[in-house]
Amino acid sequence: MEVKTSLLDNMIGVGDMVLLEPLSEDSFIENLRKRFDHNEIYTYIGSVVISMNPYRSLPIFTPEKVEEYRNRNFYELSPHIYALADEAYRSLRDQDKDQCILITGESGAGKTEASKLVMSYVAAVCGKGQEVNKVKEQLLQSNPVLEAFGNAKTVRNDNSSRFGKYMDIEFDFKGDPLGGVISNYLLEKSRVVKQPRGERNFHIFYQLLSGASDDTLKKLKLDRDYSKYNYLSLDSAVVNGLDDAANFRTVKNAMQIVGFMEDEVQSVLELVAAVLKLGDIEFKPESRCNGSDESRIKDKNDLKEMCELLGIEQSVLERAFSYRTVEARLEKVSTTLNVAQAYYARDALAKNLYSRLFSWLVTRINESIKAQTKARHKVMGVLDIYGFEIFEDNSFEQFIINYCNEKLQQIFIELTLREEQEEYVREGIEWTNIEYFNNAIICDLIENHQNGILAMLDEECLRPGTVTDETFLDKLNTICAEHQHFESRLSKNSKFLTDHSLPHNCFRIQHYAGKVLYRVEGFVDKNNDLLYRDLSQAMYKANHSLIKQLFPEGNPGKVNLKRPPTAGFQFRASVGTLMKNLQTKNPNYIRCIKPNDKKASHIFTDSLVCHQVRYLGLMENVRVRRAGYAFRQAYEPCLERYKMLCKRTWPHWRGPAREGVEVLMADLPVPAEEFSFGRSKIFIRNPRTLFFLEERRRQCLQDLATLIQKIYRGWKCRSHFLLLKKSQIVVAAWYRRYAQEKKYQKIKSATTVVQSYTRGWQARKLLRELKYQKRCEEAVTTISAFWHGTQARRELRTLKEEARRKHAVAVIWAYWQGLKVRREYRKFFRANAGKKIYDFTIQRIMQKYFLGLKSTMPSMSPIDKSWPARPYRFLDGVHRELPRIFHLWRCKKYRSQFTEEKKAVYEEKLEASEIFKDKKALYPSSVSQPFKGDYLEISTNPKYQKLNSAVDEKVLLADVVNKINRANGKGTARIFLLTKKSVVLADQKTGQVKASVPLPDLASVSVSTQSDGFFALRLKEGSASAVKGDFLLSSEHLIEIITKLHRTGATAADSKQLNVDISDEFLVQFKHDKVCVKFIQGAPKNGNSVSCKRKNNRLLEVSVPTTA
Ligand SMILES: Nc1ncnc2c1ncn2[C@@H]1O[C@H](COP(=O)(O)OP(=O)(O)OP(=O)(O)O)[C@@H](O)[C@H]1O
Ligand SMILES: [Mg+2]
């Protein structure tokens, strides 16, 4: 929850001085100091806001603060200028009351800042919308423009308003701003030509020179250097914290927003430049022969440039600076001006030019911001007028300013008291008048139409004859001598004759804010505010639209011989209008106080504050407020705030609020005279009573807090307890349920067990019974089966016996019959008939067998081994012999189909089979290969023609063989030829016969049992061929070669059959050595090839791969 600080909560000191106890000047200032030290710059006196200038920015003007104070009652939150602005705005909007906000205080106290804060607050809280925002913006942006032209740095304030400003902001019935009207009061124009030490001219001059572009300055014929201009004091041309260049841009922007046209801005700047130029025009004396003193312009360049700027003919202006023409009814008298008069004329022109420009600016702004509708509107006026001024040297301006402040003080006293009194009357409270200092008497001293100081000044100014400031003082001395607030050394009042603090050329007025000593010098001139007609006419002639407007009296066609109203008169009139205006409105006061003279934050100078408190009449303000009732509050909020102090009103009071408050107050130990009941408010006389109420309330709040805490804690504990209880019930319920469930499950399982036992027992019992029954039934069945079996067997036995008997009978009968038949037919049968029957039977069986065999004979293929089964065992011998006979016959049949060649081939194959079958592993692979004989086609191949011719006989076999080298076991290809007579080995390439061995020389052939193709041709010892030794050869057609060799050897007439040795180890005679050729199973690494290696002198090892 957002914590809000009420006026009465967490107060630093007291927020409302009315509640200050004890009330004294010291406690008042102490309270201000305490609050100031804690950054509480605002304090109330009832509805009046005292504002201390913090001289630094505080974080209390944020949009959040605006929201905080928006639509809140005045005393609801801690004192703030926003509370006052909100109160004023809401009573304007809701109660249709025109408002004025009077901001007073001395120079630098923060009036202008306060007025801007009020305006910005109102702008923030009032309605929104495109048009409304434009109006708001224009109203707000009028400030920078007026400040630039009307503010200056003074010793008291770096941004001192040198004019009085009253701004009426107009609102429609909804509270949306419609526009505004600004009134300005007495610009301190003397500043244009001369500034006191440590002060500056108006900001705009410096802003223009430092902020304008080079181009603009060139157009305005200006130089950026301040020192070039006589009217600009160099003392404090640069002010700390003031950026003139940036401010110039802000001003130009603001002028644009307010609605100034480009050419208007240019004209304004030209006028400002012209004023600066004017200051640089200097005069020199020139004596005429008639003895009169004349003046001449020293350097006409500035004059020329100024005339160019304003479009004035140089000669016209030059003449205006040299002559003064006085017109009286019908005559016109021109007199020359001496140097002093020329300077006076120049300065008068500069002052007039500037002050009229300022008034024009205000009018122009008013034109822009004026409400566009004529509908009835409500008004909030904000008055930011110069504060009371007491300088060392006080002149006409201070007199005027202080007069204005007197008037404001008066209106303040009047309105405050009147409001106070009216409120008492309104509320029906008894009221006795309170004594206070009424400054009407001072106002009267100044403004009285007959013998007021202003009236006398006017009179003096208008009087023909020699009029000087001294004559004016004399007049005052005569007329005001008796006035208790007027003091002068030369007055008739003898008590001042010896007062040395009062110089002779001065008079002193006891203002409400203190005594001020005025030097009369310049009073008459300033009041006259004289601008020579020649100058105004010269200005009117200018070819510059703005200048022309500013000097209408220079129009020769409308010459007005009447003297223009004096400055004092004008001011009195406008102040009078202002006062009337203010009196019609509901006043809201902001009293600004300056904490120190150093423009420094955190410094609180008691004496300075005390002085301001005194002259602002703040103590009186508090006293007046307290003389009646120190505090008042509407019944509703009062009851709301204090209802806890009485049991009957707490916590709710059902009846009207007033009765509630009455009951409440009656219940409290407060004397009846301490409070009064108004119509809508209760009035509390003494702050102590309020503090008593507050203290009681605080205690009560503490008790209430304790009570609330107690109830809350009780409630919390109870809730907690109830929650626990509820939870406990839930837990208990769940637990019981759980326990019951468990118990139930136990009982259930026990029941189930008991039940199961019972059922089991019953079942077993039943089973036993059933089994018994079944056994009985089975026994019966068995018995009956046995019985039936016995019966059946018995019957079977009987039947079998019967059958046996029948068979026996039949056999016996047959035998008997046979015997009888044989006995009977014996005489008819021969003795060997049995044998014949037997033979016949056998014959018939054989016959049937053979005939059956005819149809079941196997095929004619010699390799078909099938043969039909024999029907009788006695046919075993036939069954063995017949297939063999059939096979031989079938083979004979098969052979008979062969041609002679095929027959020879098969014979060879048969012979090969006889030689090698089951003896050499190579043989099976040769069976399917036909024996081709001539593999080299030796007779036809021309390559072997020579070899062919070398061999006489027919070649039976020609093939390429490898001749194994006896030395290393490597083979050399040789052509192997077999003829009927010999074996020839020839070179494969050349066909040259290497060896020719007659078949009879061959002793035997040796081969291995394995799948290799090695064979050794062993020669007969002693034969002619045996000289070179045996041949060890290898061939792919080993089986064919050996078979053919064997056959040929057999058929040769002169040779014995050739021996074929089949063994894995045989000897070969190589020349003189016998070498053993040994065949071994080759290692797998050698692959599938046969390799032959010479192992040593006696051994050649042939490794043969294993056949799968
Ligand atoms: N509320 C504020 N917060 C911060 N600074 C402030 C505040 N009020 C005033 N000041 C400072 O004090 C200076 C003077 O204030 P301001 O110009 O409002 O005085 P003034 O009363 O208008 O004086 P004058 O009568 O000379 O015009 C401001 O320039 C600003 O620096
Ligand atoms: Mg100001």
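This text goes with the structure placed above it.
Here's what I pulled together on the structure shown here. (Residues numbered from 1 in each chain as written. Chains lettered and ligands numbered in written order. Predicted model: local features only at pLDDT ≥ 70, side-chain atom pairs only at ≥ 80, totals over all residues. Heavy atoms only, no water.)

A separate point is the overall build of the protein. When you go through the protein residue by residue, the secondary structure sums to 32 helices and 31 strands. Taking 2.2 N^0.38 as the reference for a compact globule, 1108 residues should give roughly 32 Å; the C-alpha atoms of the protein span a radius of gyration of 78 Å, well beyond that estimate. Taking the principal axes of the C-alpha coordinates as reference, the protein spans close to 225 × 115 × 60 Å. Relative to its full complement of 1108 residues, the protein shows a buried share of 46%. Contacts spanning at least 24 positions in sequence make up 64% of the contacts within the protein whose residues lie at least 6 apart. Accessible area of the protein: about 59100 Å², with a carbon and sulfur share of 53%. In the protein, 173 positive and 136 negative side-chain charges are present, and the distance between their average locations comes to 22 Å. (Helix = DSSP H or I, 4+ residues; strand = E, 2+ residues; numbered from the N terminus. Rg over C-alpha atoms; globule rule 2.2 N^0.38 Å. Buried < 20%, exposed > 50% of the residue type's maximum accessible area, 1.4 Å probe, protein only. Contact = heavy atoms within 4.5 Å. Areas by Shrake-Rupley, 256 points an atom, 1.4 Å probe, with all protein chains shown as cover. Lys, Arg positive; Asp, Glu negative; His and termini not counted. Charge placed at Lys NZ, Arg CZ, Asp CG, Glu CD.)

A few words on the nonpolar core. Judged by nonpolar contacts, the single largest core of 210 residues is most densely connected at Phe28, Phe149, Phe205, Leu317, Phe321 and Phe507. Examining the composition of this core, we find that 15 residues originate from one element, helix H13 (residues 339-369), more than from any other. Each residue touching leucine 317, except ones within four places of it in the same chain, is listed here: Leu303, Met306, Cys307, Ile312, Leu349, Leu535, Ala538 and Met539. Core analysis: the second largest hydrophobic core is formed by 30 residues, Phe931, Ala1026, Leu1033 and Leu1045 among them. (Core = buried A, V, L, I, M, F, W, Y, C linked by side-chain atoms within 4.5 Å.)

Moving on to the side chain of serine 488. Mapping serine 488 onto the fold places it in strand E13 (residues 486-488). Within the structure, serine 488 has its side chain in polar contact with the side chain of asparagine 477 (distance 2.4 Å). Beyond its immediate stretch of four places on either side in the chain, serine 488 contacts Leu473, Asn477, Phe496, Leu502, Cys506 and Phe507. (Polar contact = N/O pair within 3.5 Å; in protein donor to acceptor, adjacent residues only side chain to side chain.)

A separate point is the coordination of the magnesium ion (ligand 2). Protein coordination at the magnesium ion (ligand 2) comes from Thr112 (OG1) and Ser161 (OG), with a distance range of 1.9 to 2.0 Å. Taken together, the residues threonine 112 in helix H4 (residues 111-125) and serine 161 in strand E5 (residues 160-161) connect sequence positions 49 residues apart. The exposure classification of threonine 112 matches that of serine 161, with both residues buried. (Donors = N, O, S within 2.8 Å, 3.2 Å for Na, K, Ca; no water.)

Once that is clear, we can look at the sheet that holds strand E7 (residues 177-185). Read across the sheet, seven strands follow the order E1-E2-E16-E3-E12-E6-E7 without closing on themselves; strand pairing throughout is mixed. Looking at the sheet topology across the chains shown, the edges are occupied by strand E1 (42-45) and E7. Put simply, the sheet's adjacent strands are angled 20° from each other on average, direction ignored. Strand direction decides the pairing type here: strand E2 (residues 48-52) and strand E16 (residues 586-593), joined by four bridges, are parallel. Looking across to E16, one finds that serine 51 is bridged to cysteine 592. Across the sheet, helix H5 (residues 130-150) is in contact with strand E6 (164-171) and E7; its angle to E7 comes to roughly 15°. Of the strands in this sheet, E2, strand E3 (99-105) and E16 are in contact with helix H22 (residues 606-615), which crosses E16 at around 160°. (Pairing = 2+ DSSP bridges. Axes fitted to C-alpha atoms, helices over the stretch in contact; angles between N-to-C directions.)

At a minimum axis distance of 13 Å, the contact between helix H27 (residues 833-855) and helix H28 (residues 876-895) shows a crossing angle of 35°. The crossing of H27 and H28 is right-handed. In this structure, H27 uses Met846, Tyr849, Phe850 and Leu853 to contact H28, whose residues at the interface are Val878, His879 and Leu882. Classifying every residue of the contact of H27 with H28 by side-chain character gives six nonpolar, one polar and no charged. (Left-handed = near helix turned anticlockwise from the far one by under 90°. Nonpolar A, V, L, I, M, F, W, Y, C, P; charged D, E, K, R; others polar.)

With that out of the way, let us pick up the site of ligand 1. Within the structure, ligand 1 sits among 18 residues, and Ser107, Lys111, Thr112, Ser160 and Ser161 are positioned closest to it. In the environment of ligand 1, an oxygen atom lies 2.6 Å from a nitrogen or oxygen atom belonging to the side chain of lysine 111. In this structure, asparagine 159 approaches ligand 1 through a main-chain N or O atom, which is 3.4 Å from an oxygen atom. Within the complex, the protein chains bury 86% of what would otherwise be the 620 Å² of accessible surface of ligand 1. Secondary structure elements with two or more residues in the shell around ligand 1: H4 and E5. Residue composition of the shell around ligand 1, by class: four nonpolar, 10 polar and four charged. (Near = heavy atom within 4 Å.)

Relative to the assigned elements, aspartate 458 resides in helix H16 (residues 453-462). Those residues in contact with aspartate 458, other than ones at most four positions away along the chain, are Asn527, Thr566 and Phe569.

Attention now moves to unusual backbone geometry. Here the amide bond leading from glutamate 21 into proline 22 is cis, since omega sits at -5°, within 30 degrees of zero. When you line up the elements, proline 22 lands in the segment before helix H1 (25-37). Its identity as a non-glycine residue notwithstanding, tyrosine 55 has a phi of 55°, on the positive side. Topologically, tyrosine 55 is positioned in the loop between E2 and helix H2 (63-69). Notably, lysine 221 is not glycine yet its phi reads approximately 60°, a positive angle.

Another aspect to go through is H4. Owing to its 3.6 residues per turn, the α-helix brings residues three or four apart onto one side. Between its first and last C-alpha atoms H4 spans 21 Å; for 15 residues at 1.5 Å apiece the expected length is 21 Å, and the two agree. Taking burial as the measure, the 15 residues of H4 include 11 buried ones, the bulk of the element. All of the buried residues in H4 are Lys111, Thr112, Ala114, Ser115, Leu117, Val118, Met119, Tyr121, Val122, Ala123 and Val125. (Expected span 1.5 Å × (residues − 1).)

For sheets, the rule is that strands pair by backbone hydrogen bonds, running either parallel or antiparallel. Here three strands make up an open sheet; going across it, the order is E17-E19-E18 and the pairing antiparallel. Two strands bound the open sheet, and with one partner strand each, they are strand E17 (631-634) and strand E18 (675-677). Here the strands of the sheet are splayed against their neighbours by 15° on average, with no regard to which way each runs. As paired strands, E17 and strand E19 (residues 681-684) are joined by four bridges and run antiparallel to one another. Residue pairing for E19: arginine 632 is matched across the bridge by phenylalanine 683.

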